[in-house]
Amino acid sequence: MQGVIALVGKRLLLGLGTLLVVSIIIFGAVELLPGDLAQQILGQSATEETVANLREELGLNDPSYIRYFQWLGGAVQGDFGISLANKRSVAEQLAPRFANTLFLAGYAALIAVPLAIILGVLAALLRNSVFDRVSNALSLVSISSPEFFLGYILIVLLAVQNPVFPAISNVNPDMGLWERLNRTTLPALTMALVVTAYMMRMTRAAIINLLASPYIEMARLKGVPNGRVITRHALPNALAPIINVVALNLAYLITGVVLVEVVFVYPGVGQLLVDSVTKRDFPVVQACCLIFAATFILFNLLADVGAILSNPRLRHPK
Amino acid sequence: MTAFTIIYFAFLITASCAAAFYKYKSALLLLFTLLCVSLLAGLLGGSGVLVNIAIGFGLLAAAGGISYAFRESMVQILPGEGAKLMRTAPLTAAFGLLVIITYVIAAVFAPVIAPFGEAEVVGASFAPADDVMILGGDQLGRDMFSRLIYGARNTVGIAMMTTAIAFTIGTIAGLVAASAGGWVDQVLGRIVDTLMAIPQLIFALLLLTIVGTSVVNLTLVIALLYSPLIFRLARAVAGNIVVMDYIEAARLRGEKTWYIIAREVLPNITAPLAAEFGLRFCFVFLAISALSFLGLGIQPPTADWGSMVRENATLISFGEITPLIPAAAIALLTVAVNFVVDWMLHISSGLKE
């Protein structure tokens, strides 16, 4: 047990290190901007005086490493500075949107994860059958389609032709859970379609890989019935790869949210990020990127830790 | 109960019976599942759903038929090796090839095929489809069909160029890392790890905020962000090659690293790299379309499929599906490339398990 905790701790530290490097990149990228940030914001017509004032206001006169630590220190305390576009606190704008994004991603995951695992295991067990081929073709189409295509198709089918769900998911905080679920169903379904396809294919590959391993062959050779081979020998060992697949796809889900939020005008972090990129509102872009990157790293870390916990062989690296 | 519904079910039942009689197990299963699904859908959604299902299967059958005809005629036309290759190709690969060829023709001969210019205003905005504009007009009254054709040139061309740049960077870096080893390998490996720790779309948005949106910037940013995956593959496959005896022999002969990379390693890893090129093209293509859709990629008035969807999206809420045609064009090309890549992987067996 001691060894496991040490190993997981090492992973966590590694993840934290990655996050630190990523934060340096996110901060440094804006520093690399040619010319003066204040000049960029105010435009060419600005007088020297206003530029100097803005530089003072943004703290641009300090050396960049000091500003980096100020920014990072603020970020870990939940303070991401002031938006350039509307002078409001970034954290204040971000917090409700982040909750919305998590809600949407969670809803999509609730649909996608069970569906993908069941379909993936079935496709692996029935491989080369009609079911396997059809599901393979459908998942390929769903992976190959841009998210906005799937989203608009769902709008045409389920909001315009048969008005079941609203096409625009404008949620607000005082909505009841049922109303909220109803409004977010279409975006959640869109994301679930893509993620289910990925997850299903990966689950199928993992299970097929597993079924080819020597101990399964051994079980078959000693005459264990097919059903028992699957329930007693294959599935318990399939847990490790499946946990890995799920965590990796949840990481994808969090970042894939950007396009879907724009299609359905959903008030989440992705929509804010895209708006801020158009306005070149650097503090907001930096904050959104940091949040997305942190979530992405977190889920990749969870995939790693899950793999270590569910597979004893990984606890003793050679 | 319309005549269509009766014919529909009669056809399905006859087809399943025929499949059962001639012992086509998979066809029977498929038809029977379809029958059950249709019954359910018909009860819930009425005959409109059935019409949609029938249209869908009709399209699938048409695609299958065209691919079959294409494959067989290719077998006849192509000389020696090519014919042999095509004869063993699955229908999906033939379909993929056909689609890719169509896109290439549309891209190359765009000015000849398109009835109007790329940015030429022809009629009223959102004009309905008629004899002049077969797909109607867009938000400024430009011809949708012409823009769709020009889009093949712009969108696919830019995606192709980006993939080529990403490939050059990734492959060269990967080969250098594998052949040089030591600290070069370590440094490149760590850089790539860091680049891959940030989700690509998010990183692209960050970089585009800084450098501004233009086609050149878009190409370079996407190429940079997608090269790490190519680097990893190139390094992994080249890593298996550089330990071979003939590489050692070349080193002992006193050949330079560059010679070893270009003449000894590269020819031996082309098969997996070619398949990887197809796959990466799909991802790059989807990423560029996504950015264009967000208004941060290819800028107007250049005709581009991603931005065409965005510009005409308002039509969708009126039940019009014309704005979806460019999006369908994106999806179709990606599916086609995937089909061909699957086939290539199968025949080259370079990456076959």
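Sequence order sets the numbering: in each chain, residues are counted from 1 along the sequence as written. Here the convention is simple: chains get letters from A, ligands get numbers from 1, in the order in which they are written. Per-residue local features are limited, in this predicted model, to residues with pLDDT of at least 70; the limit for side-chain atom pairs, both in listing and counting, is 80 or more; totals at the level of whole chains, interfaces and linings are taken over all residues. Heavy atoms from the whole structure form the basis of all side-chain values; hydrogens and water molecules are not counted.

Comments concerning the overall build of chain A
Then step 1. Scanning chain A from N- to C-terminus turns up 12 helices and 0 strands.
Then step 2. Every helix listed is a DSSP run of H or I at least four residues long, and every strand listed is a run of E at least two residues long, numbered separately from the N terminus. Of the regular secondary structure in chain A, the N- to C-terminal order runs α-α-α-α-α-α-α-α-α-α-α-α.
Then step 3. In terms of principal-axis extent, the alpha carbons of chain A reach across some 85 × 60 × 35 Å.
Then step 4. For chain A, the exposed area adds up to about 15900 Å²; of that, 65% sits on carbon and sulfur atoms.
Then step 5. The charged-residue count follows a simple rule in which Lys and Arg add positive charge and Asp and Glu add negative charge, with His and chain termini not counted at all. The atoms used to mark charge sites are NZ of Lys, CZ of Arg, CG of Asp and CD of Glu. Between the mean site of the 22 positive side-chain charges and the mean site of the 18 negative ones, chain A shows a separation of 22 Å. Residue burial considers only the protein chains on display, and all accessible areas are found by Shrake-Rupley using a 1.4 Å probe.

Regarding the overall build of chain B
Then step 1. For chain B, the count of helices and strands is 15 helices and 0 strands.
Then step 2. Projected onto its principal axes, the C-alpha coordinates of chain B cover approximately 80 × 55 × 40 Å.
Then step 3. Relative accessible area decides the class of each residue, using a 1.4 Å probe on protein chains only: under 20% of the type maximum gives buried, over 50% gives exposed, and in between gives partly exposed. Looking at chain B as a whole, 45% of its 353 residues are labelled buried.
Then step 4. On chain B, roughly 17300 Å² of surface is accessible, and the fraction owed to carbon and sulfur atoms is 71%.

Thoughts on the pattern of salt bridges
All names here are of chain B.
Then step 1. Each salt bridge in this description consists of a side-chain nitrogen of Lys or Arg and a carboxyl oxygen of Asp or Glu lying within 4 Å of one another. Tallied over the full model, the rule gives 11 salt bridges over all chains.
Then step 2. The partner of Arg253 in a salt bridge is Glu255, with the nearest N and O atoms 3.0 Å apart.
Then step 3. Take Glu255: its relative accessible area is 27%, and that puts it in the partly exposed class.
Then step 4. In this structure, a network of salt bridges that share partners links the residues Arg190, Asp193 and Arg232.

Observations regarding unusual backbone geometry
Trans is the common state for peptide bonds, and a negative phi is the common state for residues other than glycine.
All names here are of chain A.
Then step 1. Phi at Val265 is positive, roughly 50°, even though this residue is not glycine.
Then step 2. Within the secondary structure, Val265 sits in the loop between α10 (226–263) and α11 (269–279).
Then step 3. Given a relative accessible area of 43%, Val265 falls into the partly exposed group.
Then step 4. Even without being glycine, Arg280 reaches a positive phi, approximately 55°.
Then step 5. The topology assignment puts Arg280 in the loop between α11 and α12 (282–310).
Then step 6. A relative accessible area of 31% means that Arg280 is categorised as partly exposed.

Observations concerning the domain arrangement of chain A
Residue and element names in this part refer to chain A.
Then step 1. For the purposes of this description, domain bounds are those given by an automatic or database domain assignment. Each assigned domain of chain A is listed here: domain 1 (2–76) and domain 2 (96–315).
Then step 2. Inter-centroid distance (C-alpha atoms) of domain 1 to domain 2 is 32 Å.
Then step 3. Taken residue by residue, the interface counts 18 residues in domain 1 and 15 residues in domain 2.
Then step 4. Taken together, the two surfaces of domain 1 and domain 2 that pack against each other cover about 1500 Å², and 84% of this comes from carbon and sulfur.
Then step 5. The tally of links from domain 1 across to domain 2 stands at 1 salt bridge. Should any heavy atoms of two residues lie within 4.5 Å, those residues are considered in contact. By buried area we mean how much accessible surface two parts lose on assembly, using a 1.4 Å probe and totalling the loss over both.

Some points on empty space enclosed by the protein
All names here are of chain A.
Then step 1. Points on a 1 Å grid over protein atoms alone make up a cavity when a 1.4 Å probe fits among them but cannot get out, and a pocket when they form an open set with protein on both sides within 12 Å along at least five of seven lines; lining residues each have an atom within 4 Å of a point. Grid points are joined across faces, edges and corners, and a volume is the space filled by probe spheres set on the points. Considering all chains together, one arrives at 1 cavity of 30 Å³ or more under this definition.
Then step 2. A volume near 30 Å³ is recorded for the largest cavity.
Then step 3. As for the largest cavity, its lining consists of Glu147, Met191, Val194, Val195, Tyr252, Leu253 and Gly256.
Then step 4. Listed by contribution, the elements that provide at least two residues to the lining of the largest cavity are α8 (177–211) and α10.
Then step 5. Each residue gets one label: Ala, Val, Leu, Ile, Met, Phe, Trp, Tyr, Cys and Pro are nonpolar, Asp, Glu, Lys and Arg are charged, and the others, such as Gly, are polar. For the lining of the largest cavity, the per-class residue count stands at 5 nonpolar, 1 polar and 1 charged.

Considering the side chain of Asp132 of chain A
Residue and element names in this part refer to chain A.
Then step 1. Along the chain, Asp132 turns up in helix α6 (residues 130–144).
Then step 2. Two N or O atoms form a polar contact when they lie within 3.5 Å of each other; inside protein one atom must be a possible hydrogen donor and the other a possible acceptor, and for residues adjacent in sequence the pair counts only when both atoms belong to side chains. A polar contact is formed between the side chain of Asp132 and the side chain of Arg204, at a distance of 2.9 Å.
Then step 3. Those residues in contact with Asp132 that sit more than four places away from it in its chain are Ala123, Leu126, Arg127 and Arg204.

A word on the nonpolar core
Then step 1. To define a nonpolar core, start from buried Ala, Val, Leu, Ile, Met, Phe, Trp, Tyr and Cys residues and group those joined through side-chain atoms within 4.5 Å. Judged by nonpolar contacts, the single largest core of 137 residues is most densely connected at Leu94, Phe148, Tyr152 and Leu273 of chain A together with Ile222 and Trp305 of chain B.
Then step 2. No other element matches α10 of chain A, which puts 15 residues into this core.
Then step 3. Those residues in contact with Trp305 of chain B, other than ones at most four positions away along the chain, are Tyr103, Leu148, Gly151, Ala152, Thr155, Val156, Phe285, Pro326, Ala329 and Ile330 of chain B.
Then step 4. Residues Ala223, Ile230, Val242 and Ile261 of chain B belong to the second largest nonpolar core, which totals 19 residues.

Examining the domain arrangement of chain B
Then step 1. Domain annotation for chain B reports domain 1 (3–88) and domain 2 (144–349).
Then step 2. Here the C-alpha centroids of domain 1 of chain B and domain 2 of chain B sit 35 Å apart.

As for a nonpolar patch on the surface
All names here are of chain B.
Then step 1. Like charges within 9 Å and nonpolar side chains (Val, Leu, Ile, Met, Phe, Trp, Tyr) within 5 Å are joined into patches, using only residues over 30% in relative accessible area that form no salt bridge. Residues Ile101, Val104, Ile105, Val108, Phe109, Val112 and Ile113 make up a contiguous nonpolar surface patch of about 620 Å² in total accessible area.
Then step 2. Among the elements of the structure, α5 (91–108) and α6 (110–113) are those that each provide at least two residues to the nonpolar patch.
Then step 3. Per-element tally for the nonpolar patch: the top contributor is α5, with 4 residues.
Then step 4. With respect to the helices and strands, Ile113 occurs in helix α6.

As for the interface of chain B and chain A
Accessible area lost upon the coming together of the parts serves often as the stated size of an interface.
Then step 1. Chain B puts 40 residues into the contact, and the matching count from chain A is 41 residues.
Then step 2. The largest contributions to the chain B side of the interface with chain A come from Ile202, Thr209 and Ile210 of chain B, which together make up 18% of the buried area.
Then step 3. The tally of links between chain B and chain A comes to 4 residue pairs in polar contact (both at pLDDT 80 or more).
Then step 4. Elements supplying a minimum of two residues to the side of chain B that touches chain A: α2 (25–45), α8 (182–196), α9 (200–211), α13 (270–293), α14 (305–311) and α15 (324–348) of chain B.
Then step 5. For the side of chain B that touches chain A, the leading source of residues is α15 of chain B, giving 9 residues.
Then step 6. In the side of chain B that touches chain A, the residues fall into 30 nonpolar, 10 polar and no charged.

Details of the packing of aromatic side chains
Then step 1. Ring geometry is summarised as follows: Phe, Tyr and Trp rings, the Trp one being its six-membered ring, pair when their centres sit within 6.5 Å, and such pairs are stacked at plane angles under 30 degrees, edge-to-face over 60 and tilted between the two. One pass over the structure, following the stated rule, counts 13 aromatic pairs over all chains.
Then step 2. Seen in terms of ring centroids, Phe148 of chain A and Phe293 of chain B are 4.3 Å apart; in terms of plane orientation they differ by 10°. Their pairing is stacked. One end of the pair, Phe148 of chain A, is in helix α7 (residues 147–161); the other, Phe293 of chain B, is in helix α13, on a second chain. With respect to burial, Phe148 of chain A and Phe293 of chain B carry one shared label: buried.
Then step 3. Seen from their ring centres, Phe21 of chain B and Tyr22 of chain B are 5.1 Å apart, and the 90° between their planes marks the pair as edge-to-face. Comparing Phe21 of chain B with Tyr22 of chain B, the two get one shared label, exposed.

Side note on α7 of chain A
Then step 1. Its 15 residues place the ends of α7 of chain A 20 Å apart at the C-alpha level, agreeing with the 21 Å of an ideal helix rising 1.5 Å per residue.
Then step 2. The largest bend in α7 of chain A is about 30°, located at Ile155 of chain A.
Then step 3. Those residues of α7 of chain A lying buried are Glu147, Phe148, Phe149, Leu150, Gly151, Tyr152, Leu154, Ile155, Val156 and Ala159 of chain A.
Then step 4. Along its buried surface, α7 of chain A packs onto α6, α8 and α10 of chain A together with α13, α14 and α15 of chain B. Expected span, for any helix, means 1.5 Å times one less than how many residues it has. A residue's bend is simply the angle between two axes: one fitted to the seven residues ending at it, one to the seven starting at it.

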